[in-house]
Structure formats: structure tokens, C-alpha cells
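Each chain, letter by letter, is given below.
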Amino acid sequence: MIDEITLINQLQQSTTKEVAFKSLVSQYKERLYWHIRKIVISHEDADDVLQNTFVKIFKSINHFKRDSKLYSWMYRIATNEAITFINKKAKEKNIHISDYQLQLTSSLDSDYWFSGDEIQLILQKAIATLPQKQQLVFNMKYFDEMKYEEISEILDTSVGALKASYHIAAKKIEHFIKNYN
């Protein structure tokens, strides 16, 4: 595995960009896929958004200012691509984004790619009821086990606001699960 500074340098040089990019993709594709998947729910959609994310990273790498970690920058791109994707899908269906996400989670139990049990399915339905920002914060903290400082860098939100969002999201999820029939 190449260290981050060397990788960035190679990505920003035309002679080494393609080889370095293959290394970048192999190093980060799984983590970015699962982050995207938690937002867009569907495996096929997650694959599409992941591909769009890597295209955007490839095209934009020369504009990376190095004022954050490379992973945080890519995570931000993946997050924005996933949110743009689901907003577009909801708009095409002429429904609110939260209703669209609830529809997606309702179909999870018949999704070939979803390997979770009933408890995980209920948790996904609970997460889908949260406002978008709370969903992101909860997923990053709970599933990805990210530190608040990392989430702050990705979402450009203060650590205090993130802690509050996570706490409120956890309470809402707890309430949803307790009242789930």
C-alpha cells in the first residue's frame, strides 16, 4: 500500500496518474461502496454511484488542495454523488426524498444483495425515517466507526452539531424500534 502523500503526488502527475488511480480504486472501492450503499440502498445504484464517484475523483484530483485527508475528500465526493443520485430519483418519481428512501428500504427484504436479518432490516427502516443529515451522521459514526473529527471534515459541520445529530438520530431509531410491530 502506497502512503497517502506519494499516492497523491503520483495521481497528480500525468505519467503516473493511471497506475496510481488503479491503486487508489483497489484501496478504497469497498469502503466507498458500503458508504454509498447505505445512502442509496440498492446494490445496482451503489455500483453506478461508485463509478461516478471514481470518475469525478479522477477528473478532479489535480484540484485536491491537501487541506484534508485524501480519504475524507473522496468520502465527501461519494456522499455528494449519492445524495445527488437519490434526490434525482425522488424528483423523477415526484415524491419527497424520505418517502423514496422508505420505498427503497421496504424492498430490501426481497433484495438479492441484502444479506441482513430481520433486526438489520428494521434498523435500515428506522434509519430511512431520519432526516438526511442525521442518516449520514448515524451511518458514519455507527457503521463506519468514524471519529466526529473525520465526519466534521467530510460534512463540513462542527463536532458539537454532529454529536447532537447523532444523539437525536439514536433516540429516534430507538423509539422506532420499540414501536415497530
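- Under an unreviewed UniProt entry, the name given to the protein is RNA polymerase sigma-70 factor (ECF subfamily), and the organism recorded is Tenacibaculum gallaicum.
- In its Sequence similarities (unreviewed entry) section, the UniProt record describing the protein reads: "Belongs to the sigma-70 factor family. ECF subfamily."

## Side note on the UniProt feature "domain: RNA polymerase sigma factor 70 region 4 type" (unreviewed entry) in the protein
- What UniProt calls "domain: RNA polymerase sigma factor 70 region 4 type" (unreviewed entry) maps, in this numbering, to residues 121–172.
- Helix makes up 81% of residues 121–172 and strand 0%. Its end C-alpha atoms lie 16 Å apart.

## Brief notes about the packing of aromatic side chains
- Tallying each qualifying case throughout the model produces 12 aromatic pairs.
- Ring centres 6.3 Å apart and planes at 85° place the aromatic pair Phe138 and Phe143 in the edge-to-face group.
- Exposure remark for Phe138: the relative accessible area of 4% places this residue in the buried category.
- On the numbers, 5.7 Å between centres and 35° between planes, the contact of Phe176 with Tyr180 is tilted.
- Among the aromatic residues, those joined into a cluster by ring pairs are Phe138, Tyr142, Phe143, Tyr148 and Tyr166.

## Considering the UniProt feature "domain: RNA polymerase sigma-70 region" (unreviewed entry) in the protein
- Per the UniProt annotation, the sites labelled "domain: RNA polymerase sigma-70 region" (unreviewed entry) are residues 24–91.
- Split by type, residues 24–91 is 84% helix and 0% strand. Its first and last C-alpha atoms lie 33 Å apart.

## Description of the pattern of salt bridges
- A full pass over the atoms with the stated rule returns 3 salt bridges.
- Of the charged contacts, one joins Asp144 and Lys38 as a salt bridge, the two residues approaching to 2.7 Å between their closest N and O atoms. A residue pair is termed long-range when its members are at least 10 positions apart, and Asp144 in the loop between helix 7 (132–143) and helix 8 (148–155) and Lys38 in helix 2 (residues 17–40) qualify at 106 residues.

## Quick look at the nonpolar core
- Membership of the largest hydrophobic core comes to 52 residues, with the highest contact counts inside it found for Leu24, Leu32, Val40, Leu70 and Met74.
- The greatest single-element share of this core, amounting to 12 residues, is contributed by helix 4 (residues 70–92).
- If you count residues domain by domain, this core takes at least three from each of domain 1 (1–110) and domain 2 (116–180).
- With residues near it in sequence (within four places) discarded, Met74 still touches Leu24, Tyr28, Leu32, Thr53 and Ile57.

## As for helix 1 (residues 4–11)
- Taken together, the buried positions of helix 1 are Leu7, Ile8 and Leu11. Down the axis of helix 1, the smallest arc covering the buried residues is 100°, so these residues share one side.
- Here the buried face of helix 1 lies against helix 2 and helix 4.
- Capping the start of helix 1, Asp3 holds a side-chain oxygen 3.3 Å from the backbone nitrogen of Ile5, two or three residues further along.

## Overview of the environment of Asn62
- Within the element layout of this structure, Asn62 appears in the loop between helix 3 (43–60) and helix 4.
- With 51 residues separating them along the chain, Asn62 and Leu11 place their C-alpha atoms 7.8 Å apart.
- Discounting residues that sit within four places of it in the chain, Asn62 has contacts with Leu11, Gln12 and Lys17.

## Things to note about the domain arrangement of the protein
- Along its sequence, the protein is carved into domain 1 (1–110) and domain 2 (116–180).
- The centre of domain 1, based on its C-alpha atoms, is set 19 Å off from the matching centre of domain 2.
- On the domain 2 side, the residues contacting the 22 residues of domain 1 number 16 residues.
- For the pair domain 1 and domain 2, the two sides together bury roughly 1,600 Å², of which 60% comes from carbon and sulfur.
- Of all residues in domain 1, the largest losses of buried area upon contact with domain 2 belong to Lys38, Tyr75 and Thr105, amounting jointly to 32% of the total for that side.
- For the pair domain 1 and domain 2, the number of links is 1 salt bridge.

Rules used in this analysis
- Residues numbered from 1 in each chain as written.
- Predicted model: local features only at pLDDT ≥ 70, side-chain atom pairs only at ≥ 80, totals over all residues.
- Heavy atoms only, no water.
- UniProt positions renumbered as here; feature names shortened; annotations may be inferred.
- Helix = DSSP H or I, 4+ residues; strand = E, 2+ residues; numbered from the N terminus.
- Phe/Tyr/Trp six-rings, centres within 6.5 Å; stacked < 30°, edge-to-face > 60°.
- Buried < 20%, exposed > 50% of the residue type's maximum accessible area, 1.4 Å probe, protein only.
- Salt bridge = Lys/Arg side-chain N within 4 Å of Asp/Glu carboxyl O.
- Core = buried A, V, L, I, M, F, W, Y, C linked by side-chain atoms within 4.5 Å.
- Domains from an automatic or database assignment.
- Contact = heavy atoms within 4.5 Å.
- Arc of directions from axis to C-beta.
- Polar contact = N/O pair within 3.5 Å; in protein donor to acceptor, adjacent residues only side chain to side chain.
- Buried area = accessible area lost by both parts, 1.4 Å probe.

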